[in-house]
Structure formats: structure tokens, C-alpha cells
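Below are the chains, spelled out letter by letter.
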Amino acid sequence: MLWNYLKTAKKPILLYGMGDGAEKILDHLLALGITPSGVFASDGFARHNIFRGYEVISYSEAKEKYKDFIALICFGSQRPEVLELFQSMLPECELYAPDVPVYGKTIFDRAFAVENSTRLESVYNSLADDQSRKVFENTVRYKLTGKIQYLFDCQSTVSESYESILKPSSGEIYADLGAYTGDTVAEFTSFCKNYKKIIAVEPDVKSFRKLEKNTSVYENIKLFNIAVSSDHKYLPFSMDGGRQSVLKESGKVIECNSVDNILGPDGATIIKFDVEGAEYDAIKGAENTIKTFKPKLCISAYHRSEDYFLIPELIKSIRDDYKIYMRHFPYVPAWDTCFYFV
């Protein structure tokens, strides 16, 4: 397994990238008694600035200086050219993308997998098709080993998930929880032209302004600049305009509300949950909607390590007649991995 292997590795270990991911990976390495030899960035992006005491050199400089080394990808990307770059690096160095949670501190390592093996196995056995089982198996193997080829070997397209799983029809009521700037609203409307209504929720102010602008062309859409939680309350929120916009212990206090309260008696027929680590609470706040309407659900599975079993367990506790699917879309690390309940 990756972390245990890195403890005994003889080659120099280099961090590839900076930012929040590198902070988390470096902290975990140091906690394990592993001291990296350096930090590098892609050619053209290296500015020889300093990250945590390391001078950030270019990839070409790293190859020249260290020759044979282990590179740990410390950032995420879905851009095709970046994923192709990762692929091209595989023959040149020993490349891994350590899995660290976007939120929470629990690492999906061997100890975690063993401790929760019964629950993980139960989810695997409940999956409805071969592709879902492949995604589950490959992403777990990736999390344990850091080998990105497992992700490339199980990825599929958003089109496939709409066409084979969600299968939207006319008259859909779509709730987009974590609508960001409207990209997933546009995605939905491209597959469902004759929808009945769209409800889009985005708590971050900057993203919400872009959401308003980008969705102004759509009819029958209602926008909410609030966060989704288990009930109506006010909580601190860090507004960073993107992935780091999240409910935290400190920050600007904003309004939160439950899905049940937001949707009201009309409910929804399709709900997308991508609420930056607050999925469990958001689902708790949607219990009445799920019980009453049995909407099709698309729920992000990558924010917390525990999501791999907590989310399916919670949905099945609310209604046990859902079929469960799983898909991974092109992304390293496994950030675009979703559960579908239909």
C-alpha cells in the first residue's frame, strides 16, 4: 500500500504541485516520519518560489537533478491536457497521486479499509451493474495504492450516466444542490429540454453572481443563495469562490436550509448533491422528499473517506427500493466519482 511503501522507499520523494493538496500530503508524510526531498511544478509553471521551505523547481530540473525518483501528484485536474501529461510521466518516473480527503482527516488507507471492510463489501454487493462494481473496485484500489491507471481504466462520460442511468424525460423537476456557476444546470438542460422546473442552490456569493448570469437564459428556474443542511439555521461559511467554499467553524454567518424546506410540496424528480463535504447532512434534510417522491439522486462520493459507505447506508435507511450505481468521470485524483440512486 502506498503510505507503507513510501516509508521504506529508497528513491527521493518529490511533491508535484503546491496548494491545499500539497499541504495535506506533506503533513501526512511528516506524520509518518517521511521527509520529501523536494517540490516541483510542471515546466512553464515553476517560478522557483518557496513552498514550506522547499524551492519549487521545474519537472525538467527535477529529472536532471534526481534522475530516478518518486513523484507524488498533489493537485487535482480534469483537463484533458493535464491528464495526458500525467500519462506521459508514467514511463519517466515512479508516479502516484496520494488520496487525501477533500474534507475531514480520515485517510482511506489499508487500516481504514480493513476496519470498514464489512460495510464496504456491503456497498459493493448492492451495486446494480458491472460498471458500478468496476468503479468501486478500481477507485478503492486507487485510494490504497495511489496508482492513477486504476482511475483511467474505469472512467466514463457524463453522457453515459444521463443516457443509461438518469434517463430524464419531459416534466422533470431538477434540484441542483451546489450549482456553482451553472455548469451542471447547463449540463442537465442539454439532456432534458422539456423540464418543468429547476431549483439551483449555491451558497458562495461570487459563484452565485455568476450562476445568476449564466442561467438567465433558462425559464422556470429559481435560485437560492444559501447553503444546504439538515434543517433551517445559520452557520459560518468560508467563501473562497470555489472548492474551498464550505461550512466551517469560522467565517461569515449565512443562512442554511433543508432540501425539504427549499423544495416544499412539489418535491423534485432529480436531485444532484455536490455540497463540499456536507452531503450527509444535506441528505438528512431531504428525508421527506426522498420518502415521498423517490427522486433520482446523483451524490458526490469523494469529499470524505467515509462517504463510500455512509451515503449508501443513509439512502437505503430512508428508502430501501433504490438501485445503486457508481460512476467515475475523468479526473485525478478520484474527485469526480458519484453515486446514483434510481
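Structural data are supplied above this passage.
S.K.: Can you tell me about the packing of helix 6 (residues 117–126) against helix 7 (residues 130–145), naming the residues and giving the values?
M.R.: Running from N to C, helix 6 and helix 7 point in directions that differ by 155 degrees, and their axes come no closer than 9 Å. Judged on the interaxial angle alone, helix 7 and helix 6 are roughly antiparallel. Across from Leu120, Val123 and Tyr124 in helix 6, the residues of helix 7 making contact are Arg133, Phe136 and Glu137. Across the contact of helix 6 with helix 7, the residue classes tally to four nonpolar, no polar and two charged.

S.K.: Can you lay out unusual backbone geometry for me, pointing to particular residues and giving the numbers?
M.R.: Note that the residue after Val332, namely Pro333, is joined by a cis bond; omega there is 0 degrees. Among the secondary structure elements, Pro333 is positioned in the loop between strand 16 (324–328) and strand 17 (337–341). Its identity as a non-glycine residue notwithstanding, Lys294 has a phi of 45 degrees, on the positive side.

S.K.: Which residues make up the sheet that holds strand 7 (residues 173–177), and what are the values?
M.R.: In space, the seven strands of this open sheet follow the order 9-8-7-14-15-17-16, with mixed pairing throughout. What marks the edges here is a single partner per strand, and that holds for strand 9 (221–224) and strand 16. Adjacent strand axes in the sheet meet at a mean angle of 15 degrees when their direction is disregarded. Relative to strand 8 (residues 197–201), strand 7 runs parallel, the two sharing five bridges.

S.K.: So what about the packing of helix 6 against helix 15 (residues 307–318)? Which residues, and what values?
M.R.: The geometry of helix 6 relative to helix 15 is characterised by a closest axis approach of 9 Å and an angle of 60 degrees between their N-to-C directions. Accordingly, the angle class assigned to the pair helix 6 and helix 15 is oblique. For the element pair helix 6 and helix 15, the recorded crossing hand is left-handed. Within the contact between the two elements, helix 6 uses Arg119, Leu120 and Val123 and helix 15 uses Tyr308, Phe309, Leu310, Pro312 and Glu313. Its residues assigned to classes, the contact of helix 6 with helix 15 comprises six nonpolar, no polar and two charged.

S.K.: Outline helix 4 (residues 80–89), listing residues and values.
M.R.: Buried within helix 4 are the following residues: Val82, Leu83, Phe86 and Met89. Considered in projection along helix 4, the buried side chains sweep an arc of 120 degrees and stay on one side of the axis. Away from the buried face of helix 4 by more than 90 degrees, exposed residues Pro80 and Glu84 are located. Contacts made by the buried residues of helix 4 are with strand 1 (13–16), strand 2 (38–41), helix 3 (59–66), strand 5 (70–73), strand 6 (94–96) and helix 8 (149–152).

S.K.: Which residues make up a positive patch on the surface, and what values go with them?
M.R.: A surface patch of like charges, here positive, comprises Lys206, Arg209, Lys210 and Lys252. Ranked by residues supplied to the positive patch, first place goes to helix 11 (residues 205–214) with three residues.

S.K.: Which residues make up the environment of Glu279, and what are the values?
M.R.: Summarising the element assignment, Glu279 is placed in helix 13 (residues 279–284). With a relative accessible area of 0%, Glu279 lands in the buried category. Taking the C-alpha atoms as reference points, Glu279 and Ser230, 49 residues apart in sequence, are found 9.6 Å from one another. Look past the residues within four positions of Glu279 in its chain and what remains in contact with it is Phe273, Asp274, Ile299, Ser300, His303, Asp307 and Ile311.

S.K.: Account for the pairing of strand 17, naming residues and giving values.
M.R.: Among the five residues that make up strand 17, five are buried, leaving the element largely enclosed by the rest of the structure. Here strand 17 shows a buried face lined by Thr337, Phe339 and Phe341 and a second buried face lined by Cys338 and Tyr340. Sheet topology note: the strand 16/strand 17 ladder contains five bridges and is antiparallel. The residue of strand 17 that forms the bridge with Arg327 is Cys338.

S.K.: Go over the packing of aromatic side chains, please, and point to the residues and values.
M.R.: Applying the stated criterion across every chain, the model contains 20 aromatic pairs. An angle of 5 degrees between the planes, with centres 4.4 Å apart, marks the rings of Tyr162 and Phe191 as stacked. A residue pair is termed long-range when its members are at least 10 positions apart, and Tyr162 in helix 9 (residues 158–166) and Phe191 in helix 10 (residues 183–191) qualify at 29 residues. Since its relative accessible area comes to 4%, Tyr162 is described here as buried.

S.K.: So what about the pairing of strand 7? Which residues, and what values?
M.R.: Residues in a regular strand point their side chains to alternate faces of the sheet. When you tally the buried positions in strand 7, you get five out of five residues, the bulk of the element. Residue alternation in strand 7 divides its side chains into two sets, Ile173, Ala175 and Leu177 and Tyr174 and Asp176, and both sets are buried. Here four bridges tie strand 7 to strand 14 (residues 270–273), and the two strands are oriented parallel to one another. Across the sheet, the residue bridging to Tyr174 is Ile270, located in strand 14.

S.K.: Outline the state of the cysteines, supporting the account with residue identities and numerical values.
M.R.: On inspection of all chains with the given rule, the structure shows zero disulfides. Not engaged in a disulfide, the cysteine Cys338 finds its nearest cysteine sulfur in Cys298; these two sulfurs lie 4.2 Å apart. Residue Cys338 is classed as buried on the basis of its relative accessible area of 8%.

Procedures and definitions
- Residues numbered from 1 in each chain as written.
- Predicted model: local features only at pLDDT ≥ 70, side-chain atom pairs only at ≥ 80, totals over all residues.
- Heavy atoms only, no water.
- Axes fitted to C-alpha atoms, helices over the stretch in contact; angles between N-to-C directions.
- Helix = DSSP H or I, 4+ residues; strand = E, 2+ residues; numbered from the N terminus.
- Parallel < 35°, antiparallel > 145°, perpendicular 65-115°, else oblique.
- Contact = heavy atoms within 4.5 Å.
- Nonpolar A, V, L, I, M, F, W, Y, C, P; charged D, E, K, R; others polar.
- Pairing = 2+ DSSP bridges.
- Left-handed = near helix turned anticlockwise from the far one by under 90°.
- Buried < 20%, exposed > 50% of the residue type's maximum accessible area, 1.4 Å probe, protein only.
- Arc of directions from axis to C-beta.
- Patch = residues over 30% accessible without salt bridge, like charges linked within 9 Å, V, L, I, M, F, W, Y side chains within 5 Å.
- Areas by Shrake-Rupley, 256 points an atom, 1.4 Å probe, with all protein chains shown as cover.
- Salt bridge = Lys/Arg side-chain N within 4 Å of Asp/Glu carboxyl O.
- Lys, Arg positive; Asp, Glu negative; His and termini not counted.
- Charge placed at Lys NZ, Arg CZ, Asp CG, Glu CD.
- Phe/Tyr/Trp six-rings, centres within 6.5 Å; stacked < 30°, edge-to-face > 60°.
- Disulfide = S-S within 2.5 Å.

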